[in-house]
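In case you want the letters, here they are:
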Amino acid sequence: MRVAIAGAGLAGLSCAKYLVDAGHTPIVLESRDVLGGKVAAWKDEDGDWYETGLHIFFGAYPNVLQLFKELNIEDRLQWKEHTMIFNQPTAPGTYSRFDFPDIPAPINGVTAILRNNDMLTWGEKIRFGLGLIPAMIKGQNYVEEMDKYSFSEWLKKQNVPPRVEKEVFIAMAKALNFIDPDEISATVVLTALNRFLQERYGSKMAFLDGAPPERLCQPMVDHVTEQGGQVRMKAPLKEIVLNEDNMVKHFVIRGLDGAPDEILTADLYVSAMPVDPLKVILPQPWKQMDYFKKLDGLEGVPVINLHMWFDRKLTDVDHLLFSRSPLLSVYADMSNTCREYENPDRSMLELVLAPAKDWITKSDEEIIAATMLEIEKLFPDHFVGDDPAKLLKYKVVKTPRSVYKATPGRQACRPTQTTPISNFYLTGDYTMQRYLASMEGAVLSGKLTAQAIASAHPNSAAPAPGQKSLQTTTA
Ligand SMILES: Cc1cc2nc3c(=O)[nH]c(=O)nc-3n(C[C@H](O)[C@H](O)[C@H](O)COP(=O)(O)OP(=O)(O)OC[C@H]3O[C@@H](n4cnc5c(N)ncnc54)[C@H](O)[C@@H]3O)c2cc1C
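What comes next is a walk through the structure. Keep in mind that this is a model prediction, so the values were computed, not measured.

1. What about the sheet that holds strand β9 (residues 205-208)?
Piece 1. Within the open sheet, the three strands sit side by side as β5-β9-β6. Their pairing is antiparallel. Strands at the two margins of the open sheet, each flanked by one partner only, are β5 (57-58) and β6 (77-79).
Piece 2. Where β5 lies against β9, two bridges are found, and the strand directions are antiparallel. By the bridge assignment for β9, F58 is matched with M205.

Here is the structure:
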């Protein structure tokens, strides 16, 4: 089968990878000149990388880890100590850690929580633990039912003291979906907590050793093209043209730089675009169908990724940090955490600004000025005296519509990878899979779409030599 896939983010590339493995021929169309979508990155005039987002890989990402293994690039993941590090706003420049001992789950997680006495009192920890019991015992069905509540509402319902939300879960909600606990669905936080507490290495984190387009996406492209597939850059899908029976007749690719539009005919068609541009491009007859109408309930959330290069080292912490700043979410000194960005003399902080709705329209200068005030609190020792640290340069990357905003009720709006149109499929982190909007969710969705295609077309789906048949990897 020739399968046209619009979008070369992780979902589109994963779908293409697993389709060639199953003996099909994918043709991936990417509108931009850079691979990766929300993991895209660029080099500035000095050769320094800047990225769409600070990206963390977790031990609880079985399909991503399997993909690294299949591409033979496992050594590109730089695993960090098994800990979670939070800044302490009341004692600027100090940290509070949740250290996970190397013993089976959930005892390692429980030990990490019980040993941390900076952030929560014993009473608060016990009441939180009791509140969590239904999620741990009843499992994912209970977690899915909780999609009717925001995480704040769920905490209140479970009689968890408000300080638990303030101390721990504002940071967690911002890290998971770039919004606060009063907006985020309880399902999202509980899903993450379940993975982190039930898997020994679930919350262990890794950084990629360089920029994702080169270090992760390119090996996927090489794998696809070596087996006869194609990945075409600067080839935006302009229109989905239908036959009279509402099946896809062909894709129209917009001609750029004065070139004419192009018609691409394939056996099957996949959208691997984010949900917002997909809604714009949907053919009129499809918009009336319940399956596609549900997509109106999904919309990307704004987020801003900041890069700040300093004239000296601000920290030697080689890990992700939860800032607990009202302006910022997580951050890392990439000169410590990432091999390709390594610098023994100067820090490069990558910071996520969230919630970003009030900042997305502000100028880069305003954003950096506000961020500098926060950085002075995070690293107070370096901004006093006669020779304070200097900001050498910065890059601000705004994504007005990033991953879908996971407010209560969104689970019911997430579509399956199979659509009512038999020659058209969806893939992307927003489609239904159990890992929410994440790299794992994107890779898994791509695999599920390839699987759906392979099972709908069994006669043509012969595994390529040396390839295993398609299997999703469960935790
Ligand atoms: C700031 C930030 C931080 C993040 N941090 C983490 C993290 O730490 N851990 C984690 O797991 N996840 C993280 N994520 C989420 C993760 O990046 C996404 O969930 C994932 O990359 C989405 O992949 P996707 O393929 O579904 O969509 P996308 O990456 O959005 O890919 C869609 C592709 O479609 C292309 N496209 C759009 N329109 C067209 C068209 N008309 N024709 C052709 N192509 C088109 C786009 O250019 C893009 O390449 C973060 C995201 C952001 C923004």
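2. Some details on the site of the ligand
Piece 1. Taken together, the neighbourhood of the ligand is formed by 34 residues, with E30, K38, H55, Y61 and D429 sitting nearest.
Piece 2. One of the backbone N or O atoms of L10 is found 3.2 Å from an oxygen atom in the ligand.
Piece 3. The separation between an oxygen atom of the ligand and a polar side-chain atom of K38 is 2.7 Å.
Piece 4. Listed by contribution, the elements that provide at least two residues to the shell around the ligand are α1 (10-21) and α15 (439-456).
Piece 5. In the shell around the ligand, the residues fall into 19 nonpolar, 11 polar and four charged.

3. Describing the packing of α1 against helix α9 (residues 212-226)
Piece 1. For the pair α1 and α9, the least separation of the axes is 9 Å and the interaxial angle reads 30°. With respect to α9, the element α1 is oriented roughly parallel. In the packing of α1 onto α9, the handedness of the crossing is left-handed. Residues L10, L13, S14, A16, K17, V20 and D21 of α1 form the contact with α9, whose participating residues are L216, C217, M220, V221, H223 and V224.

4. Side note on the environment of P106
Piece 1. Inspection of the secondary structure puts P106 in the loop between β8 (95-99) and α3 (107-115).
Piece 2. Between the C-alpha atoms of P106 and A192, which are 86 residues apart in sequence, the distance is 14 Å.
Piece 3. Here P106 is in contact with M136 and L197, once residues within four sequence places are set aside.

5. Concerning the nonpolar core
Piece 1. Counting residues in each nonpolar core, the largest one holds 130 residues, and the members touching the most others are L190 and F251.
Piece 2. Per-element accounting of this core gives the leading share, eight residues, to α1.
Piece 3. Discounting chain neighbours no more than four positions away, the residues touching F251 are A4, A6, L29, L237, E239, I240, E262, I263, L264, Y269 and V270.
Piece 4. Formed by 27 residues, the second largest nonpolar core is a distinct cluster that contains L321, Y331, I360 and F383.

Criteria and cut-off values
- Residues numbered from 1 in each chain as written.
- Predicted model: local features only at pLDDT ≥ 70, side-chain atom pairs only at ≥ 80, totals over all residues.
- Heavy atoms only, no water.
- Pairing = 2+ DSSP bridges.
- Helix = DSSP H or I, 4+ residues; strand = E, 2+ residues; numbered from the N terminus.
- Near = heavy atom within 4 Å.
- Polar contact = N/O pair within 3.5 Å; in protein donor to acceptor, adjacent residues only side chain to side chain.
- Nonpolar A, V, L, I, M, F, W, Y, C, P; charged D, E, K, R; others polar.
- Axes fitted to C-alpha atoms, helices over the stretch in contact; angles between N-to-C directions.
- Parallel < 35°, antiparallel > 145°, perpendicular 65-115°, else oblique.
- Left-handed = near helix turned anticlockwise from the far one by under 90°.
- Contact = heavy atoms within 4.5 Å.
- Core = buried A, V, L, I, M, F, W, Y, C linked by side-chain atoms within 4.5 Å.
- Buried < 20%, exposed > 50% of the residue type's maximum accessible area, 1.4 Å probe, protein only.

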